[in-house]
Amino acid sequence: GNAMAPMLGQMSVSGYKFMWWFHMVWVLVFFAVLPQMRIRHLVMAVFSTAGKPDQPMGELKPISMEEVEQTGKIGVETYSDFSRWHLMSLDACMECGRCTEVCPANRAGKLLNPKQIVQDIRGAYGTETKITAAVNPERLWECTTCNACVEACPVTIRHVDLIVDARRNLVAEGQLSGSAAVMLRQTASTSNAWGAPKGSHEDWMNGLEIPLARDKGSFDVLFWVGCAGSTDPGAIKTTKAVAALLSKAGVDFACLGNEEACTGDPARRVGEEFLFQEKAIENVGTFGRYTFKRIVTACPHCFNTLKHEYSQFEGNYEVVHHSELLDELVREGKLKSAQTQMSNVVFHDPCYLGRVNKVVDAPRSLVRPDREPPNHGVKTQCCGAGGGRMWMEEEPDQRPGNVRAQELLDTGAKTVALGCPFCKIMLDASIKQVTDEEIRLVDLAEMLQEANT
């Protein structure tokens, strides 16, 4: 600057004007071409991060019937159907690939590539190209909605929102078939994703003295059992363990029994938004008939939906995972800890518990695992069941659960503790596939029950 100052000081007026306009033109050109340059994320990242919606990671936004009547669409069909913030976040993408590196489907050898999905959607900018033409629909169905990509993204892109919005349009156009479509029909007809008759929700109670909401009317804790908890044999063991521990600790609780309907979580994440809303409204109406202080559930998917998404339908409740309530009871001295009995134990963090809802301390406080896998806590690795994948066909050599099972077994643990019925089902199959060794797979509540008998 000091060297050039004397020269600029002697410049003629016409020379100065030329220099001024020369720079001005190039400044204007820079702003005009910036949206087409890779460095655009430097600017867009600031705006997308500053304008990020006040929305928990595990919450999906609802669609109103009025919106459908105005647009004639359900979900996102073309680029312009995404919200302004989502479009801004696409331009903020750094193309760093961190989302793809942590994607459980991609790690298992599937086609899903979150970074490529962002680029493909962004590539449809300014056109009426359908998202399903820009993005391979098969990739959309491979997503487990585990939010690993969202957690890893440095510019806060919500990949799961993009994928589910596209799924909603596919489902509305009848593009979902197979076992996932069967799951939707079962949820609609029986209020159970597994298709169990609604009158069978109390079968697990046979021979047990389980208090029912319709008999008590008012109580402290509503024990939400969930579809898996009342249907799957392995999950029923957990349900019985939780009920036994609550009774032993003197907790004033009750179950809904046959009044309980699926939360609608699998339907919403597959893309059947209005089936989810139907079940949510039904359950909120059922809750309104009783007086209670909080809800406890052993299913992280139910936990997330009840905690974050029922408020969209005036269902505002205090919701806790069973590991949180059981840890509270242990600290109050109402239950014995299982810590002293545990060895060679590793804890698997369910995605919707650890990463999405940041519940990582309570489960470990209960059993004090003496080893950890490389991916744990908010960085946990998905079992592959979320996003409706529980009800979709899976190639044996492309199961995300196999990758996770190997990580858990590489720690040398002989017992895998967990806190999710979906994870229990998926990891049970994967552990048997990757090893012939006898490995114990057990829920936290079952471990605590053993210490309290």
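The structure this text deals with has already been given above.
Keep in mind that this is a model prediction, so the values were computed, not measured. (Residues numbered from 1 in each chain as written. Predicted model: local features only at pLDDT ≥ 70, side-chain atom pairs only at ≥ 80, totals over all residues. Heavy atoms only, no water.)

(A) Examining the overall build of the chain more closely. Secondary structure summary: the chain contains 25 helices and seven strands in total. For the C-alpha atoms alone, the extent of the chain along its principal axes is close to 100 × 50 × 40 Å. The burial tally for the chain puts 56% of its 453 residues in the buried class. Pairs at least 24 apart in sequence give 78% of the contacts found in the chain among residues at least 6 apart. Accessible area of the chain: about 19,800 Å², with a carbon and sulfur share of 53%. Within the chain, the 56 negative side-chain charges are centred at a point lying 4 Å from the centre of the 47 positive side-chain charges. (Helix = DSSP H or I, 4+ residues; strand = E, 2+ residues; numbered from the N terminus. Buried < 20%, exposed > 50% of the residue type's maximum accessible area, 1.4 Å probe, protein only. Contact = heavy atoms within 4.5 Å. Areas by Shrake-Rupley, 256 points an atom, 1.4 Å probe, with all protein chains shown as cover. Lys, Arg positive; Asp, Glu negative; His and termini not counted. Charge placed at Lys NZ, Arg CZ, Asp CG, Glu CD.)

(B) Examining the layout of surface pockets more closely. Considered as a void within the structure, the largest pocket measures approximately 440 Å³ in volume. Forming the walls of the largest pocket are 21 residues, and the residues nearest its centre are Glu67, Val76, Asp81, Asp165 and Arg168. No other element matches the four residues that helix α12 (residues 159–172) contributes to the lining of the largest pocket. Here the residues of the lining of the largest pocket sort into nine nonpolar, five polar and seven charged. (1 Å grid on protein atoms, 1.4 Å probe; cavity = no way out; pocket = protein on both sides within 12 Å on 5 of 7 lines; lining within 4 Å. Points joined across faces, edges and corners; volume = space filled by probe spheres on them. Nonpolar A, V, L, I, M, F, W, Y, C, P; charged D, E, K, R; others polar.)

(C) Region of the structure containing the side chain of threonine 435. One can find threonine 435 in the loop between α24 (421–434) and β7 (440–443). Note on threonine 435: relative accessible area 19%, which makes it buried. Of the polar contacts made by the side chain of threonine 435, one reaches the backbone nitrogen of glutamate 437; its length is 3.0 Å. (Polar contact = N/O pair within 3.5 Å; in protein donor to acceptor, adjacent residues only side chain to side chain.)

(D) Region of interest: unusual backbone geometry. Phi at glutamate 314 is positive, roughly 65°, even though this residue is not glycine. With respect to the helices and strands, glutamate 314 occurs in the loop between α19 (300–309) and β4 (319–321). By relative accessible area, glutamate 314 is classed as exposed at 72%. Even without being glycine, asparagine 344 reaches a positive phi, approximately 55°. Position of asparagine 344 relative to the elements: it lies in the loop between α20 (322–331) and β5 (345–347). The exposure class of asparagine 344 is partly exposed, given its relative accessible area of 33%.

(E) How the structure looks around α20. Across the ten residues of α20, seven count as buried, placing the element largely inside the fold. Here α20 has its buried residues at His322, Ser323, Leu325, Leu326, Asp327, Leu329 and Val330. Two residues or fewer past α20, glycine 333 is found with a positive phi of approximately 80°.

(F) The arrangement of the nonpolar core in detail. Counting residues in each nonpolar core, the largest one holds 61 residues, and the members touching the most others are Ile121, Leu176 and Val270. Excluding residues that lie within four positions of it along the chain, isoleucine 121 makes contacts with Tyr79, Phe82, Leu90, Ile131, Val135 and Leu162. Within the second largest apolar cluster, 37 residues are counted, among which are Leu245, Phe253, Cys255 and Ala451. (Core = buried A, V, L, I, M, F, W, Y, C linked by side-chain atoms within 4.5 Å.)

(G) Structural context of the sheet that holds strand β1 (residues 221–224). Across the sheet, four strands lie side by side as β2-β1-β3-β4; this open sheet has parallel pairing. In the strand order of this sheet, the two ends are held by β2 (253–254) and β4, each with one partner. Bridge analysis of β1 against β2 gives two bridges, and the strand direction is parallel. Bridging across to β2, valine 221 finds its partner in phenylalanine 253. (Pairing = 2+ DSSP bridges.)

(H) Representation of the sheet that holds β5 within the structure. Strand order in the open sheet formed by three strands is β5-β6-β7, and the pairing between neighbours is parallel. Looking at strand neighbours, the two that pair on one side only are β5 and β7, the edges of this open sheet. Here the strands of the sheet are splayed against their neighbours by 25° on average, with no regard to which way each runs. Note that strand β6 (residues 415–418) and β7 share four bridges and pair parallel. Its bridge partner being in β7, threonine 415 is matched across the sheet by arginine 440. Packing against the sheet, α24 makes contact with β6 and β7, and its axis sits at approximately 175° to β7. Relative to β7, helix α25 (residues 444–451) is tilted by about 85°, and along the sheet it contacts β5, β6 and β7. (Axes fitted to C-alpha atoms, helices over the stretch in contact; angles between N-to-C directions.)

(I) Main features of the packing of aromatic side chains. This structure, assessed with the given rule, holds 14 aromatic pairs. Taken together, the ring pairs in this structure connect Phe219, Trp224, Phe287, Tyr290, Phe292 and Tyr317 into an aromatic cluster. (Phe/Tyr/Trp six-rings, centres within 6.5 Å; stacked < 30°, edge-to-face > 60°.)

(J) Quick peek at empty space enclosed by the protein. The full count for this structure, using the stated rule, is six cavities of 30 Å³ or more. If you add up the space inside the largest cavity, you get close to 180 Å³. As for the largest cavity, its lining consists of 26 residues, and the residues nearest its centre are Gly226, Cys227, Ala228, Cys299 and Cys302. Broken down by secondary-structure element, the contributors of at least two residues to the lining of the largest cavity are α15 (226–231), α16 (233–248), α17 (265–270), α19 and α24.

(K) The pattern of salt bridges, seen in detail. Counting across every chain of the model gives 36 salt bridges. A salt bridge links glutamate 328 to arginine 294; the nearest nitrogen and oxygen atoms lie 2.9 Å apart. In this pair, glutamate 328 sits in helix α20 while arginine 294 sits in strand β3 (residues 294–297), placing the two residues 34 residues apart along the sequence. With a relative accessible area of 22%, glutamate 328 lands in the partly exposed category. The residue glutamate 372 makes a salt bridge to arginine 364 at a minimum N-O spacing of 2.6 Å. Relative accessible area serves as the criterion here: at 33%, glutamate 372 is assigned to the partly exposed category. (Salt bridge = Lys/Arg side-chain N within 4 Å of Asp/Glu carboxyl O.)

(L) Highlighting the state of the cysteines. Using the criterion set out here, one finds zero disulfides in the structure. Summary of cysteine pairing: cysteine 255 is not part of a disulfide, and the nearest cysteine sulfur, belonging to cysteine 302, is at 13 Å. The thiol of cysteine 383 is unpaired, and the distance to the nearest cysteine sulfur, on cysteine 423, comes to 3.8 Å. (Disulfide = S-S within 2.5 Å.)

These figures come from the coordinates and say nothing about function on their own.
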